[in-house]
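Chain by chain, the residues run as shown.
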Amino acid sequence: MNQGLGSAGDLAKVKKSLGRLRAEISRHNYLYYVLDSPEISDAAYDALMRELKQLEAAYPQFVTPDSPTQRVGAAPVEAFGVVEHPLPLLSLGNAFSQEELLAWYSRISKIVGGQQFNFACEHKIDGLAVALTYVNGQLAVGATRGDGFRGEDITQNLRTIRSIPLSVSEEAPSRFEVRGEVFLPKAGFNKLNRERAEEGLPLFANPRNAAAGSVRQLDPRITAKRPLDIYVYMLGYAEGKATPPTHWETLEYLGSLGFKVSPNNRLLDTIIEVEDFYNTWLERRESLPYEADGIVVKINQLDLQLKLGNVGHEPRWAIAYKFPPIQGTTVLKEIKISVGRTGTLNPYAVLEPVSVGGVTIKQAALHNEDDIRRKDIREGDTVIIQRAGEVIPQIIGAVVSKRTGKEKQFSLLEKLCARDKKCPACPVCGSEIVKPEAEVMYYCPNAACPAQVQQRLEHFASRGAMDIRGIGEQMSVLLIEKGLVRDFSDLYYLTKEQLARLERIGDKSANNIITAIENSKKRPLGRLIYALGIRHVGGETAEILTKEFFSLEALANASKEQLSSVPTIGPKIADSVTAFFKNEENIRIIKRLKDADVLPEEEVAKLEEQPLLGQEFVITGRLNRFTRQEAEAWIKALGGTAKSDVTSKTTYLVAGAEPGSKLGRAQALGIKQLTEDEFRRLLGKTA
Ligand code: IVH
């Protein structure tokens, strides 16, 4: 089949197919990310995306900025531009008690006089405010609040958030601005911090900081990796169309345009109902998937909002009714140091157990030595701790007035010297510790350190990795203690008899564990790469590496240059990956995995249903980011064939630098040509 650029009629058909595909994918995006109710499976969605990517790769002239393929994250910028807000973004006054809420209510009732009004109540989500401007149906500018008058242009970053529509119906006003809160759900926050801890990076103190840090990345590809979300909460302004007269109807209207509006919003008639709404969520806030620090009460009638106006930066027509923080005080008994999977030495607080909001807290995370110094937290201090949902409890600070003078300042090095003459030493294995240049964390360099071995094993078997039920923390400790396992490859050589001999393990659970281990051999490659526990390679990076290298062998053989040429893979990750696969011990472990049939080679191809089936490729000239063998392996893996000569059966000629005579022949036959970037896109890679 000749896929060369055809007649005008053919092109019109292609354009129509592209339009149909995009509309369909956008609809599924909307169902999944905005309404949380997908209609099709992830695999079916991926297939549609692949179809679109391939068609766009073949016809790059038809790629539009609002195509679902254009959310991956643009190239990094040096600095953000400045956006002047046509209408300032205000902040909110606070009420910290029922009295303060009622005082606000009487103030506004007086100003409003006899006119009837009601209240729109929403959660006050702890994220960051953004203003999205749409011009002729397209997302044109996305900005931070900044000082309320001028914010930063973070359009490229906001485009990566799937619940923000890139375009809206032509029925929408010709120019309008929507405001909302971008946030990182608690689960995403915890995962991000876990990965950062493993990678030795400073942790985010709360989901708000994490969301702000993610959105204000100069490299949008990093933003694209964070599971950010949005709820819109008001219309800034709109031109060229009448908009609804109340806040509630405006939210409904925004919902109908495709924006994500919180399902927890309520329209209420009386201030008593507002109080009830507050109390309900005060009790249930921990069950929310995001951090809420209160509710926002807004007068529903927009004409009254106008009449009420602002005082300084704060509108009179709305108020934030804040939840009290879930805090408690207790004594910090000791600062201990744990050894992480990659050898990081992490300080944590051992607390006098205390019940905070119904949960007993015995430990709290302390990020690193600098953080402890900055907050001036000392052993023996009475400290204020705060918890939020499943977020790990934090120490806010010390109650200085309670100090007796016996409190002890923390020094990591001193602590690590106390127990051993050889110092500073790892608290578990006694090895001398190291601090790589330009890193904040100290490490235990001994890969055989029992703490590291145990955590690597636990990580390998964890849910996001090989998902082996039955191998949790206790089991990994036990297996190592009994000498049955020295590294995770040993799992695949365990016998039922060995397990059944352990205390507390019956025949049945031994059987279950062996089955779980056996089943884990089939996990996709991305999971295995993540499971290996390579420093700086979290779940997302593992997925990117899988898409790029396709087999563990190719990844193991990749050079630093090849690795760093992949978007979002920096030199630090590249160094760590190459070092990992050069290490003798790791080579031995991977060989043992392979011998036990663990390697899920070509997984991706199987999953991707061979999208290049029936297509013939010929390559000419030099490719920059593939060797010839790699390119051909990719084509084969995705179901296509790679040939050396151009014939009328050739589907594509991939033309690299300094192409040979094949180019002329392909032109004569009217064979479609692909540049290296187009070819990469066709393979589903980022160009
Ligand atoms: S309305 C003039 N609604 O709270 C009205 N704000 O302290 C201003 N926020 O900067 C905003 N959830 O980042 C509004 N449902 C909600 C909100 C909300 C969170 C944040 C927003 C704003 C800050 C004001």
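The structure this text deals with has already been given above.
The present account deals with the structure reproduced in this document. Owing to the predicted nature of the structure, the values given are computational and were not obtained by experimental measurement.

## A closer look at the environment of Arg20
Turning to step 1, where the next piece is worked out: Here Arg20 is to be found in helix α1 (residues 8-34).
Turning to step 2, where the next piece is worked out: Between the C-alpha atoms of Arg20 and Tyr45, which are 25 residues apart in sequence, the distance is 14 Å.

## Description of helix α24 (residues 628-637)
Turning to step 1, where the next piece is worked out: By the burial criterion, the buried members of α24 are Ala631, Trp634, Ile635 and Ala637. End-on, the buried residues of α24 take up no more than an arc of 170 degrees, which puts them together on one face. Those residues of α24 that are exposed and aimed more than 90 degrees away from the buried face are Gln629 and Lys636.
Turning to step 2, where the next piece is worked out: Positive phi appears at Gly639, one or two residues downstream of α24, with a value of about 100 degrees.

## A short note on the site of the ligand
Turning to step 1, where the next piece is worked out: Taken together, 15 residues are adjacent to the ligand, and Glu122, His123, Ile125, Glu181 and Lys298 come closest.
Turning to step 2, where the next piece is worked out: Within the contact set of the ligand, an oxygen atom lies 3.4 Å away from a side-chain nitrogen or oxygen of Lys124.
Turning to step 3, where the next piece is worked out: When residues of the shell around the ligand are traced back to their parent elements, those giving at least two are β3 (119-125) and β10 (292-299).
Turning to step 4, where the next piece is worked out: For the shell around the ligand, the leading source of residues is β3, giving four residues.
Turning to step 5, where the next piece is worked out: A class-by-class count of the residues in the shell around the ligand yields eight nonpolar, two polar and five charged.

## Topic: helix α9 (residues 271-284)
Turning to step 1, where the next piece is worked out: Here α9 is 14 residues long and its end C-alpha atoms lie 20 Å apart, about the 20 Å a rise of 1.5 Å per residue gives.
Turning to step 2, where the next piece is worked out: Three or more residues of α9 are buried, namely Ile271, Val274, Glu275, Phe277, Tyr278 and Trp281. Looking down the long axis of α9, one finds its buried residues gathered within 160 degrees of arc, a one-sided arrangement. Along α9, the residues that are exposed and aim more than 90 degrees away from the buried face are Ile272 and Glu283.
Turning to step 3, where the next piece is worked out: Among the structural elements, α3 (98-112), β3, β9 (266-268), β10 and β13 (318-322) are those in contact with the buried residues of α9.

## Details of the side chain of Asn193
Turning to step 1, where the next piece is worked out: Take Asn193: it is sitting in helix α5 (residues 186-198).
Turning to step 2, where the next piece is worked out: On the basis of relative accessibility, which here comes to 7%, the residue Asn193 falls in the buried class.
Turning to step 3, where the next piece is worked out: Separated by 2.9 Å, the side chain of Asn193 and the backbone oxygen of Phe204 make a polar contact.
Turning to step 4, where the next piece is worked out: With sequence-adjacent residues up to four places away left out, Asn193 is seen in contact with Leu203 and Phe204.

## Observations concerning the packing of aromatic side chains
Turning to step 1, where the next piece is worked out: Applying the stated criterion across every chain yields a total of 20 aromatic pairs.
Turning to step 2, where the next piece is worked out: For the pair Tyr278 and Tyr321, a centre-to-centre distance of 3.7 Å together with 10 degrees between the ring planes defines the contact as stacked. Of this pair, Tyr278 sits in helix α9 while Tyr321 is found in strand β13, placing the two residues 43 residues apart along the sequence. In terms of burial, Tyr278 and Tyr321 fall into one category: buried.
Turning to step 3, where the next piece is worked out: A centroid spacing of 6.2 Å and a plane angle of 85 degrees characterise the contact between Phe460 and Tyr492, whose relative ring orientation is edge-to-face. On the criterion of sequence distance, the pair formed by Phe460 in helix α13 (residues 450-461) and Tyr492 in the loop between α14 (473-481) and α15 (496-500) is long-range, its members being 32 residues apart.

## Focus: the side chain of Asn264
Turning to step 1, where the next piece is worked out: When you line up the elements, Asn264 lands in the loop between α8 (247-256) and β9.
Turning to step 2, where the next piece is worked out: Residue Asn264 is classed as buried on the basis of its relative accessible area of 16%.
Turning to step 3, where the next piece is worked out: Polar contacts involving the side chain of Asn264 include one to the side chain of Tyr290, which spans 3.2 Å.
Turning to step 4, where the next piece is worked out: Apart from residues lying up to four places away in sequence, Asn264 is in contact with Cys121, His123, Phe277, Trp281, Leu288 and Tyr290.

## Details of the packing of helix α21 (residues 571-582) against helix α22 (residues 584-595)
Turning to step 1, where the next piece is worked out: Running from N to C, α21 and α22 cross one another at 70 degrees; their axes reach a closest spacing of 5 Å. On the basis of their axis angle, the class for α21 and α22 is roughly perpendicular. Along its contact with α21, which presents Phe580, Phe581 and Lys582, the element α22 presents Glu584, Asn586, Ile587 and Ile590.
Turning to step 2, where the next piece is worked out: In the contact of α21 with α22, the residues fall into four nonpolar, one polar and two charged.

## A look at the pattern of salt bridges
Turning to step 1, where the next piece is worked out: Under the definition given, this model contains 26 salt bridges.
Turning to step 2, where the next piece is worked out: Of the charged contacts in the structure, one is a salt bridge between Arg216 and Glu152, with a shortest N-O distance of 2.7 Å. Residue Arg216 is located in the loop between α6 (207-215) and α7 (220-225), and its partner Glu152 is located in strand β6 (residues 150-152); the two are separated by 64 residues in the primary sequence.
Turning to step 3, where the next piece is worked out: The shortest N-O distance in the salt bridge between Arg622 and Glu658 comes to 3.2 Å. With Arg622 in the loop between β19 (616-620) and α24 and Glu658 in the loop between β21 (652-655) and α25 (662-669), the pair connects residues that are 36 residues apart, well separated along the chain.
Turning to step 4, where the next piece is worked out: You can call Glu658 exposed: its relative accessible area is 67%.

Conventions used here
- Residues numbered from 1 in each chain as written.
- Predicted model: local features only at pLDDT ≥ 70, side-chain atom pairs only at ≥ 80, totals over all residues.
- Heavy atoms only, no water.
- Helix = DSSP H or I, 4+ residues; strand = E, 2+ residues; numbered from the N terminus.
- Buried < 20%, exposed > 50% of the residue type's maximum accessible area, 1.4 Å probe, protein only.
- Arc of directions from axis to C-beta.
- Near = heavy atom within 4 Å.
- Polar contact = N/O pair within 3.5 Å; in protein donor to acceptor, adjacent residues only side chain to side chain.
- Nonpolar A, V, L, I, M, F, W, Y, C, P; charged D, E, K, R; others polar.
- Expected span 1.5 Å × (residues − 1).
- Contact = heavy atoms within 4.5 Å.
- Phe/Tyr/Trp six-rings, centres within 6.5 Å; stacked < 30°, edge-to-face > 60°.
- Axes fitted to C-alpha atoms, helices over the stretch in contact; angles between N-to-C directions.
- Parallel < 35°, antiparallel > 145°, perpendicular 65-115°, else oblique.
- Salt bridge = Lys/Arg side-chain N within 4 Å of Asp/Glu carboxyl O.

Everything listed here is a matter of geometry and, on its own, says nothing about what the molecule does.
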